[in-house]
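Fold and contact review
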Amino acid sequence: MAKATWNGEIIAQSDDFEVVEGNVYFPPHTIKREFFEESDYHTTCGWKGVASYYNVVVNGQNNSNAAWYYP
């Protein structure tokens, strides 16, 4: 079971996850969406493509561009 926490809250948890280069990737259906706000920030990876980012917001604290996904 992988679990992601920030500012005292579990923001994602699942037995269904991938580890790539030491980073844990959760499927979209396993995150607690109430803690994620879309960001305007994007990056491009040569082998994964364009990544879109989310700000993680918990208990009034904002962790800007802390989570990303590849559509």
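Model, not experiment: these values are computed from the prediction.

1. Points about the overall build of the protein chain
A count of helices and strands for the protein chain gives 0 helices and 7 strands. Seen in sequence order, the protein chain has helices and strands lined up from the N terminus as β-β-β-β-β-β-β. In terms of overall dimensions, the protein chain is globule-like: its C-alpha atoms have a radius of gyration of 12 Å, near the 11 Å expected for 71 residues. Here the protein chain, with 71 residues, has 28% of them falling under the buried criterion. Across the protein chain, contacts joining residues at least 24 apart in sequence account for 21% of those joining residues at least 6 apart. Just so you have it, the protein chain exposes about 4900 Å², and 46% of that area is on carbon and sulfur atoms. Taken as two groups, the 4 positive and 9 negative side-chain charges of the protein chain have centres that lie 4 Å from each other.

2. Brief notes about the packing of aromatic side chains
Aromatic ring pairs are reported here in terms of the distance separating the ring centres and the angle at which the planes meet. A full pass over the atoms with the stated rule returns 5 aromatic pairs. Summarising the aromatic geometry, the rings of Y25 and W68 are spaced 6.2 Å apart at their centres and angled 80° between planes, so their arrangement reads as edge-to-face. Separated by 43 residues along the polypeptide, Y25 in strand 4 (residues 23-25) and W68 in strand 7 (residues 61-69) bring together distant segments of the chain. Look at Y53 and W68: their rings are 6.1 Å apart centre to centre, the planes differ by 40°, and that puts the pair in the tilted class. Highlighted residues: Y53 in strand 6 (residues 49-58) and W68 in strand 7, separated in sequence by 15 residues. Members of the aromatic cluster, each reached through a chain of ring pairs, are Y25, Y41, Y53 and W68.

3. A closer look at the nonpolar core
Core analysis: the largest hydrophobic core is formed by 9 residues, namely I11, A12, I31, F35, F36, Y54, V56, V58 and A67. Examining the composition of this core, we find that 3 residues originate from one element, strand 6, more than from any other.

4. Describing the side chain of S39
Structurally, S39 can be placed in strand 5 (residues 36-45). In this structure S39 comes out as buried when scored by relative accessible area, which is 13%. Separated by 3.1 Å, the side chain of S39 and the backbone nitrogen of Y41 make a polar contact. Other than its neighbours up to four places away in sequence, S39 contacts Y53, Y54, N55 and N65.

5. Thoughts on unusual backbone geometry
Phi is positive for N59, which is not a glycine, with a value near 50°. Residue position: N59 is located in the loop between strand 6 and strand 7. One non-glycine residue, N65, lies in positive phi territory at about 55°. In this fold, N65 is placed in strand 7.

Reading the values: the criteria
- Residues numbered from 1 in each chain as written.
- Predicted model: local features only at pLDDT ≥ 70, side-chain atom pairs only at ≥ 80, totals over all residues.
- Heavy atoms only, no water.
- Helix = DSSP H or I, 4+ residues; strand = E, 2+ residues; numbered from the N terminus.
- Rg over C-alpha atoms; globule rule 2.2 N^0.38 Å.
- Buried < 20%, exposed > 50% of the residue type's maximum accessible area, 1.4 Å probe, protein only.
- Contact = heavy atoms within 4.5 Å.
- Areas by Shrake-Rupley, 256 points an atom, 1.4 Å probe, with all protein chains shown as cover.
- Lys, Arg positive; Asp, Glu negative; His and termini not counted.
- Charge placed at Lys NZ, Arg CZ, Asp CG, Glu CD.
- Phe/Tyr/Trp six-rings, centres within 6.5 Å; stacked < 30°, edge-to-face > 60°.
- Core = buried A, V, L, I, M, F, W, Y, C linked by side-chain atoms within 4.5 Å.
- Polar contact = N/O pair within 3.5 Å; in protein donor to acceptor, adjacent residues only side chain to side chain.

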